[in-house]
Amino acid sequence: MLILLSPSKTMKFDVPIKFLREPNFINSALLIHTKLRKISAPKLEKLMNISSKIAIATEEDIKNFYSDDCKVSPALFAYHGDVYVNLNASNFDDGDLEWADNHLCILSALYGVLKPMDPIKPYRLEMKTKLSVGHYKDLVSFWQKHIPSYLTELLSTHDNGYIINLTSQEYSKVLNFPKSFRKMIDVTFYEENKVGQLKIVSVFAKKARGSYAHWLIKNRINSLSDLSQFKEDGYTYRPELSSPQELVFTRAQTI
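Let me sum up the structure you'll find in this document. Not measured: the values here are computed from a predicted model.

It is worth spelling out the overall build of the chain at this point. Within the chain one finds 10 helices and 10 strands. Against the globule reference of 18 Å for 255 residues, the chain gives a C-alpha radius of gyration of 18 Å, in line with a compact fold. The principal-axis extents of the C-alpha atoms in the chain amount to approximately 50 × 40 × 40 Å. Per-residue burial for the chain yields a buried fraction of 51% across its 255 residues. In the chain, of all internal contacts separated by at least 6 residues, the share reaching a separation of at least 24 is 70%. As presented, the chain carries roughly 13,000 Å² of accessible surface, and 49% of it is formed by carbon and sulfur atoms. Measuring between centres, the 33 positive side-chain charges of the chain sit 7 Å from its 28 negative side-chain charges.

Written out as structure tokens, the structure reads:
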């Protein structure tokens with residue numbers, strides 16, 4: 001079983017590297033980085049739709065990518081958005097980290113697919129960024145040609161050959177498996193108001209995806225029948241709203 005997460009824009013680099021290895025798509029990452037190095041801060045601001053302050057900081061990260069003092073941290077600990085706060089990797093013991101490193105993958109616009117303990121450097125790049133790479137018009141089309149086949153190969157090494165998709169819509173776009181592929185299960189979290197209306201609230205959905213991944217890892221969930229047993233943060237499995245390709249969880253609206 002493979003668990004997929006999106007990255008986060010918020011990052012921190014206070015956990016040292018313990019494993020000497022490179023991400024699987026490091027050559028592709030360097031190709032994309034070479035393209036980014038040619039873009040000035042004002043153009044990055046427009047390309048990424050970010051503030052001038054963030055654009056200047058992004059340009060600095062790009063320039064420092066090859067420097068000896070560039071910060072490096074395992075991907076699992078480098079990302080620090082809502083998903084990763086609730087994933088709470090600092091709570092993992094060595095057994096949890098080993099299991100996560102074998103079952104969790106993080107999608108990245110720069111690195112493609114990261115395992116938890118893969119070393120990464122500071123960067124800012126979203127999958128929706130309209131950056132052409134080679135003859136590919138954007139990052140989505142570039143990674144669509146690489147990520148599905150890699151995940152399929154990785155999946156073949158697992159006893160339970162299913163992908164648990166906890167990525168956002170932005171990153172799910174690269175998961176363009178053939179229509180005949182039935183090995184991916186989406187997990188959706190809704191807030192339910194007093195009259196029973198369901199709504200996905202982005203910030204809560206991100207936190208729920210992190211909590212779900214934490215639960216999967218701590219409990220070594222590797223069976224389809226156990227996937228619906230998640231009850232953290234007030235969520236309840238809704239079988240009548242679910243399907244073989246989607247698990248739906250709801251909870252009473254908190255706002």
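The final tally for this structure, using the stated rule, is 18 aromatic pairs. Plain terms: the ring middles of Phe189 and Phe249 are 5.5 Å apart, the flat faces sit at 20° to each other, and that makes the pair stacked. Residue Phe189 is found in strand 7 (residues 184-192), and its partner Phe249 is found in strand 10 (residues 246-252); the two are separated by 60 residues along the sequence. Look at Phe189 and you get buried, because its relative accessible area is 3%. Classification of Phe249 by relative accessible area gives buried; the value is 0%. Ring centres of Phe230 and Phe249 lie 5.7 Å apart, and the angle between their planes is 90°; this geometry places the pair in the edge-to-face category.

Within the span of helix 1 (residues 26-36), buried status applies to Ile26, Ser28, Ala29, Ile32, His33 and Leu36. Summarising the axial view, the buried residues of helix 1 lie within an arc of 155°, below the 170-degree limit, and thus occupy one face. Buried residues in helix 1 make contact with helix 2 (41-48), helix 3 (52-63) and helix 7 (139-144).

So, about the pairing of strand 1 (residues 2-5). Alternating residues of strand 1 divide into Leu2 and Leu4 and Ile3 and Leu5, and every residue in both groups is buried. As judged from the four bridges shared by strand 1 and strand 6 (residues 163-166), these two strands associate in the parallel manner. When the bridges of strand 6 are listed, Leu5 appears paired with Leu166. Pairing between strand 1 and strand 3 (residues 104-108): three bridges, direction parallel. Bridge assignment links Leu5 to a residue of strand 3, and that residue is Ile106.

So, about the pattern of salt bridges. Taken as a whole, this structure holds nine salt bridges when the rule is applied. Across the pair Asp96 and Lys218 runs a salt bridge, and its minimum N-O distance is 2.7 Å. Taken together, the residues Asp96 in helix 6 (residues 94-103) and Lys218 in helix 10 (residues 202-218) connect sequence positions 122 residues apart. Since its relative accessible area comes to 2%, Asp96 is described here as buried. Notably, a salt bridge pairs Lys130 with Asp138, separated by 3.9 Å at the nearest N-O pair. Exposure remark for Lys130: the relative accessible area of 62% places this residue in the exposed category.

The next point concerns the packing of helix 2 against helix 3. It is the contact of helix 2 with helix 3, at a shortest axis distance of 8 Å, that shows an interaxial angle of 115°. With respect to helix 3, the axis of helix 2 lies roughly perpendicular. You can see that helix 2 and helix 3 cross each other, and the crossing is right-handed. Contact residues: helix 2 offers Ala41, Leu44, Glu45 and Met48, while helix 3 offers Ser52, Ala55, Ile56, Thr58, Glu59 and Ile62.

Here is what the cut-offs are and how they apply
- Residues numbered from 1 in each chain as written.
- Predicted model: local features only at pLDDT ≥ 70, side-chain atom pairs only at ≥ 80, totals over all residues.
- Heavy atoms only, no water.
- Helix = DSSP H or I, 4+ residues; strand = E, 2+ residues; numbered from the N terminus.
- Rg over C-alpha atoms; globule rule 2.2 N^0.38 Å.
- Buried < 20%, exposed > 50% of the residue type's maximum accessible area, 1.4 Å probe, protein only.
- Contact = heavy atoms within 4.5 Å.
- Areas by Shrake-Rupley, 256 points an atom, 1.4 Å probe, with all protein chains shown as cover.
- Lys, Arg positive; Asp, Glu negative; His and termini not counted.
- Charge placed at Lys NZ, Arg CZ, Asp CG, Glu CD.
- Phe/Tyr/Trp six-rings, centres within 6.5 Å; stacked < 30°, edge-to-face > 60°.
- Arc of directions from axis to C-beta.
- Pairing = 2+ DSSP bridges.
- Salt bridge = Lys/Arg side-chain N within 4 Å of Asp/Glu carboxyl O.
- Axes fitted to C-alpha atoms, helices over the stretch in contact; angles between N-to-C directions.
- Parallel < 35°, antiparallel > 145°, perpendicular 65-115°, else oblique.
- Left-handed = near helix turned anticlockwise from the far one by under 90°.

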